[in-house]
Amino acid sequence: MTDLPGLSFRAALAAARKETPHAHHTYDQPLTRHEIAAHYAARHAGVPATSSSRSEDIALYTRVTDAAAGMPVVLGAFGDAERLRRWLPGLPRRMNEDTVARLLAAYQEPKHLESSPFPHVRLGEDVDLGALPALWATERDAGPYLTTGLLHAHDPRTGRGATAVHRMLVRDRNQLVIWMLPSRRLLAMYHEATERGERLPVSVNLGAPPAVMVASAVGSDFLPAGTSKTALAGALAGGPVTMAPAVSQPVAVFAESEVVLEGYFDGTTAPEALPGRATGYSLPEVLGYDGNAAEDLPAITVTAVTSREAPVFPAVIGPGREQSLILGLAGAVALGLSGAGGELLSDAHYSPAGGGMFLLVLRVRKSGPADDERVRAMARDVLERHRFAKVVVLVDEDVAPDSAEDVLWAITTRSDLSADALHFTGFPRVGLDPSQGEAWAAARGREAAGSRTVVDATVPFALRERHGRSFPGAAHAGPADD
C-alpha cells in the first residue's frame, strides 16, 4: 500500500478528509441507487449536471438499500480541480512547451507484484455483479452502470495494451456490455482479437489510482513512442503505479484498486438494456443530457471479482464536474504532448461547461504584429488535431483561462463577434452534442454539418499598451504557479 494520493484512491480520500474536512460528507440514511444520485445532484453537483457553478464535494453513502455487497458509494472525488492537483503533484499548472518537457522527463514505468494482493476473491459461479452498488442514476436509465470502471486490456498475441474508462451496463450476474469510443485503441484491439477467433482478456478496476484515471483519458496517439499511460500516470503522481497479475485471466490489474472485475471479450454482443427490456436511454452523459442506448454492444464475460478489505465503490452521476474535470485535465495534457501551438501557447484549459472536451480556452503569447494571424492559424491547427473541441477561445496572457467570468470579460471587451468569430466546416459531427444532430438541424431549418468556431478575444498587438488592463500583471494560475 502507498500513502501517495495519486497512486491510491483510498489514500486520496484520506488526504481529502484531512485537508478539507468541510468538503467531505458522510450520509448514513438508507437510500436506493436512484435516491443516491438524486441526493448528490441536489446538494453537491455542479455544471453541467446542474446549473450551480461550484466545485463538487466528496460524499460517502454508507447504506445502499438495493445492493447486497454492503459497499459504501463515493461520489464527487474528482469534482474539484484544486483537490485533483493536490493529488497529482506532477500535473503542470500551466500547459506549454516548457511544462510538457518537465512532465516527459518525469515519466515512471510501473512496478509489478508477483501475485494478486486482494484478500477477497469470487470466481466462476460465485460472481454476482448485481450485488455491487452500481448506480442506477435515474429511472430512465437502461440499468445500473459502472461509471468509473478503468478497463485495462492486454492482447497476449500482439502484446498490445489499452487503458481507458468507458460506460458499462451491468446486464447480468456475470455480464457487462460496454460502449467504446470508435477512436480509442481498445475497440481496434477488440476487433483484431475477435476476427482471429480469440478472447481478449481485460480487467475492470474500480477505485483505481487517480493518476491512472486522468492518464487513461489521454489518447494513445498523443503519447511519445515507446511510452504508456501508466508511465504518464507515474509522472503525474510522483511515483510508479503498482500492477499485479489477475487471478483468472492473463492480464494485469491495478493493485491499489478497491474492486477489480476480471473477464474477457469473445465476440459476444448484447443490447444496451437489461434482459427482457427494450433499448431506450442509456444514462446521463457528460454534457448534461440523457444518452441513447445502443442496440448491439460488445459484452464482457466476468470470471472473477476481487477486492481489498472494506472496499468503497466510486461512481460519478454522469454529467457532473468529475468526468468533465478528468477529461479536461487529460485533454490539456494531450494538447501539450501533441505540440500544437508551439511557442505561441502559454496555457490551455478545457472548461467543464463543455464536458471537458468541447470548450477550449487557449492563452497565447504574442511577440509581434504577425502573431495576430498566427494565433488564429494555431487555433485551426488545434481543431484539426483535437477533434472533440468545438469552440476555441483565444485570450491574452492577462486573462485566466480557467475563470469563466474572466474569459467572458475578454470575449465581451476584446472581440467583435461579427468579425472575430471564425467558423470552419468539414469536421465530423460528434454524437454527444445534440446541437450537431440531424433533429436539431432540421428544427433550425438547415443541413446538419460538423462545424467548429474560433473566437479571437485577444488585443491586436499594435494596441496592447493602450488596451492592457488598468491593473496589469499576469493572470492567476492558482497557487504554486509553474
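Going along each chain's sequence as written, the residues are numbered from 1 onward. In keeping with the predicted nature of the model, local features appear solely for residues at pLDDT of at least 70, side-chain atom pairs appear and are counted solely at 80 or more, and the whole-chain, interface and lining totals rest on all residues. Just so you know, side-chain values use all the structure's heavy atoms and leave hydrogens and water out.

J.: Even after reading the chapter, I still don't get the sheet that holds strand 18 (residues 313–314), so can you show me in this structure?
T.: Paired through their backbone hydrogen bonds, the strands of a sheet run either parallel or antiparallel. Here four strands make up an open sheet; going across it, the order is 1-2-3-18 and the pairing mixed. Of all strands in the sheet, those bounded by a partner on one side alone are strand 1 (24–27) and strand 18. Only strands that DSSP links by at least two bridges are regarded as paired with each other. Elements are defined by DSSP. Helices are runs of H or I of four residues or more, strands are runs of E of two residues or more, and each kind is numbered from the N terminus. Note that strand 1 and strand 2 (residues 58–61) share four bridges and pair parallel. Among the inter-strand pairings, His25 is bridged to a residue of strand 2, identified as Ala59.

J.: What am I meant to see in empty space enclosed by the protein here?
T.: Gaps left between atoms show up when a probe the size of a water molecule is rolled over them. Using only the protein atoms, space was sampled on a 1 Å grid; points where a 1.4 Å probe fits but cannot get out form cavities, open sets with protein on both sides within 12 Å along at least five of seven lines form pockets, and lining residues are those with an atom within 4 Å of a point. Grid points are joined across faces, edges and corners, and a volume is the space filled by probe spheres set on the points. The tally for this structure, following the rule as stated, stands at two cavities of 30 Å³ or more. Quantified by volume, the largest cavity comes out at close to 40 Å³. The wall of the largest cavity is formed by Leu135, Ala137, Asp141, Tyr145, Thr147, Leu283, Pro284, Val316, Ile317 and Gly318. By volume, the second largest cavity amounts to about 30 Å³. Contributing to the lining of the second largest cavity are Ala162, Thr163, Ala164, Arg184, Arg185, Leu186, Ser220 and Lys229. Secondary structure elements with two or more residues in the lining of the second largest cavity: strand 8 (161–165) and helix 5 (185–195). Nonpolar residues are Ala, Val, Leu, Ile, Met, Phe, Trp, Tyr, Cys and Pro. Charged residues are Asp, Glu, Lys and Arg, and all others, Gly as well, are polar. Here the lining of the second largest cavity is composed, by residue class, of three nonpolar, two polar and three charged.

J.: Would you mind showing me how to read the sheet that holds strand 20 (residues 359–364) here?
T.: Spatially, five strands are ordered 19-20-21-23-22 in an open sheet, and the strand pairing comes out mixed. Across the chains shown, the open sheet's two edge strands, defined by having one partner strand only, are strand 19 (345–350) and strand 22 (421–425). Adjacent strand axes in the sheet meet at a mean angle of 20°, parallel and antiparallel pairs treated alike. Direction of pairing for strand 21 (residues 391–395) relative to strand 23 (residues 451–457): parallel, over a ladder of five bridges. Counted as the bridge partner of Val395 is Ala457 from strand 23. Across the face of the sheet, helix 8 (residues 321–338) comes into contact with strand 19 and strand 20 while running at roughly 150° to strand 19. Simply put, an axis is a line fit to the C-alpha atoms, just over the touching stretch for a helix, and the angle between two N-to-C directions goes from 0 to 180 degrees. Throughout, a contact is declared for two residues whenever any of their heavy atoms are within 4.5 Å.

J.: Got a minute to help me understand the nonpolar core in this structure?
T.: It is characteristic of soluble globular proteins that their nonpolar side chains tend to be buried jointly. Buried residues of nine kinds, namely Ala, Val, Leu, Ile, Met, Phe, Trp, Tyr and Cys, make up a nonpolar core once their side-chain atoms join them within 4.5 Å. Here the term buried applies to any residue with accessible area under 20% of the maximum for its type, exposed to any over 50%, and partly exposed to those in between, with areas from a 1.4 Å probe on protein chains only. Ranked by internal contacts, the top residues of the largest apolar core, which has 53 residues, are Val74, Phe78, Trp87, Val218, Leu232, Leu236 and Val333. When residues of this core are traced back to their parent elements, those giving at least two are helix 1 (9–19), strand 2, helix 3 (81–87), helix 4 (97–105), helix 6 (210–216), helix 7 (229–237), strand 13 (252–254) and helix 8. Ranked by the residues each element gives to this core, the list is headed by helix 8, at eight residues. Listed in part, the 30 residues of the second largest apolar core include Leu129, Leu187, Ala193 and Val204.

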